[in-house]
Amino acid sequence: MRFVKLALAVLLWILVAFCLAATTLPHFLDRVYYEGPETAHYDGAHFFNPDGDNDRLRQRPGSRFGFVTRYLLGNDDRPAWPERVAVRPTKPAARVDGQAMRVTWVGHATLLVQANSLNILTDPIWSDRAGPFGLGPKRVAEPGIRFDDLPRIDLVLVSHNHYDHMDLATLKRLWDRDRPLIVTSLGNDRVMIDAGVPARALDWGQSLDVRPGMRVAVTRNHHWGSRWFSDRNRALWSSFVVELSGGNFFFSGDTGLGDGKWPAEAAALGSIRLAAIPIGAFRFEDKQMASGSHVGPLGALHIWQGLGQPQAIPIHWGTFRLSREAYDTPPRMLAGMQRCAGPDPRRFAPAAIGQSVEVPPLAAPGPAPDFAKLEACIRAGQFDALR
């Protein structure tokens, strides 16, 4: 017991020293990734969410800082996660032609989407850890496609610069092998080019041609960015719409709900055939349903509704442990909320890592979720047992 107390005291002082270093060395740790005129979401130095939550450095109760502090000090009662999850990797086809569309969840926010003879990869991460210098959360699920089994990649979407979404080692392997078009939002190209990875950086509302009749648009979402400490929000975060002949693909990136209006802005670019929407890493306090910059199943259903209820696949869960909830809480809660709120669960259903799913053609939306009924279910405690 004495040794444990001594170890905790040493750990606490290390944490204090770490925090002091982070505040006394801001100029050393800061990076300037983008310079340009002020806009509705850029103040000349930092980006911000125009719908609120422009909080660059202050930590609030219930924030990740408190979560990490409790974890380091051993005061952590999170539900246990498995050390490893069984995955059966698949070897996808080289191309998917015509009006067919196929999606394979590789894990976390990484998807392979194949349509119109175009191979699209989102926020690719094949590294074993999500963090700098080989540190950070360790993946519990191997990638659903072995890197060497990936078909030639044409388009890579990188939503922002967090380590679990911008994995420079993987991006460098992709660039050296395939020379894909890499599209991201403002400032993130500066991070990638330092690693030898060229990228095209666009602002919200901008787009570029991928091939004749195919465009990729960078669209708004609600998040933040940082690679270090005081470089917070020096680069922009985003979602994406890839315009395809059989219906568009929407990738949410990493996001909170914010004002909830931005999904409709993406849907205004054309009917969405497939959407990738996060459901995990939303809980940093007991019974929390969202965490500002991360939606849980409740916010995911709002996003899905705002997109027009397309065929959707839930992402950002079950790969890296980033928060408090149990390994399978996100999909179980999503299923329970769908039963309560009434939409067809087949249109927004989990896929196993490594499972290739044929995406059906565009179809009219079914019954909308009854959010009033869902809120009543939440107040009645129907999801309290899901930690």
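Preceding this paragraph is the structure being described.
These remarks concern the structure in this document. (Residues numbered from 1 in each chain as written. Predicted model: local features only at pLDDT ≥ 70, side-chain atom pairs only at ≥ 80, totals over all residues. Heavy atoms only, no water.)

Quick word on helix α7 (residues 297-306)
With seven of ten residues buried, α7 lies mostly within the body of the structure. Buried within α7 are the following residues: Pro297, Leu298, Gly299, Ala300, Leu301, Ile303 and Trp304. Residues of α7 that are buried make contact with α6 (262-267), β11 (272-278), β12 (311-315), α8 (329-341) and α9 (371-379). After α7 finishes, the residue glycine 308 shows a positive phi value of roughly 100°. (Buried < 20%, exposed > 50% of the residue type's maximum accessible area, 1.4 Å probe, protein only. Helix = DSSP H or I, 4+ residues; strand = E, 2+ residues; numbered from the N terminus. Contact = heavy atoms within 4.5 Å.)

Quick notes on the pairing of strand β10 (residues 248-251)
Neither face of β10 is exposed, since Asn248 and Phe250 on one face and Phe249 and Phe251 on the opposite face are all buried. The sheet contact formed by β10 and β11 spans four bridges and is parallel. Each residue of the ladder has a partner; that of asparagine 248, found in β11, is isoleucine 272. You can see the chain leave β10, run along α6 and come back into β11, and the turn it takes is right-handed. (Pairing = 2+ DSSP bridges. Right-handed = clockwise from strand over helix to strand, strands pointing away.)

Here we look at the sheet that holds strand β8 (residues 214-219)
One open sheet accounts for six strands, arranged β7-β8-β9-β10-β11-β12; its pairing is mixed. Only two strands of the sheet have a single partner each, and these edge strands are β7 (207-211) and β12. Each strand axis lies, on average, 15° off the axis of its neighbour in the sheet, ignoring direction. (Axes fitted to C-alpha atoms, helices over the stretch in contact; angles between N-to-C directions.)

A short note on the packing of aromatic side chains
Per the stated rule, a full pass over the model turns up ten aromatic pairs. When the centroid spacing of 6.3 Å and the interplanar angle of 15° are considered together, the rings of phenylalanine 240 and phenylalanine 251 count as stacked. Of this pair, phenylalanine 240 sits in strand β9 (residues 239-243) while phenylalanine 251 sits in strand β10, placing them eleven residues apart in sequence. Accessibility assignment for this pair places phenylalanine 240 and phenylalanine 251 in one class, buried. Following the ring pairs from residue to residue traces out a cluster consisting of Trp81, Trp105, Trp317 and Tyr327. Positioned above the aromatic ring of phenylalanine 147, the side-chain terminus of arginine 173 is 3.8 Å from the ring centre. (Phe/Tyr/Trp six-rings, centres within 6.5 Å; stacked < 30°, edge-to-face > 60°. Lys NZ or Arg CZ within 6 Å of the ring centre and 35° of its normal.)

Some words on the nonpolar core
The nonpolar side chains of a soluble globular protein tend to be buried with one another. Of all hydrophobic cores here, the largest spans 71 residues; its most connected members are Leu157, Phe249 and Leu374. Not counting the four nearest positions on each side in its chain, leucine 374 is found in contact with Leu298, Leu301, Met337, Cys340, Ala341 and Phe383. (Core = buried A, V, L, I, M, F, W, Y, C linked by side-chain atoms within 4.5 Å.)

A look at the packing of α7 against α8
Contact geometry of α7 with α8 gives a least axis separation of 9 Å together with a crossing angle of 60°. Viewed along their axes, α7 and α8 adopt a mutual orientation that is oblique. As α7 packs across α8, the resulting crossing turns out to be right-handed. Between α7, through Pro297, Leu298 and Leu301, and α8, the contact on the second element is made entirely by Pro330, Met333, Leu334, Met337 and Gln338. Among the residues forming the contact of α7 with α8, the class breakdown is seven nonpolar, one polar and no charged. (Parallel < 35°, antiparallel > 145°, perpendicular 65-115°, else oblique. Left-handed = near helix turned anticlockwise from the far one by under 90°. Nonpolar A, V, L, I, M, F, W, Y, C, P; charged D, E, K, R; others polar.)

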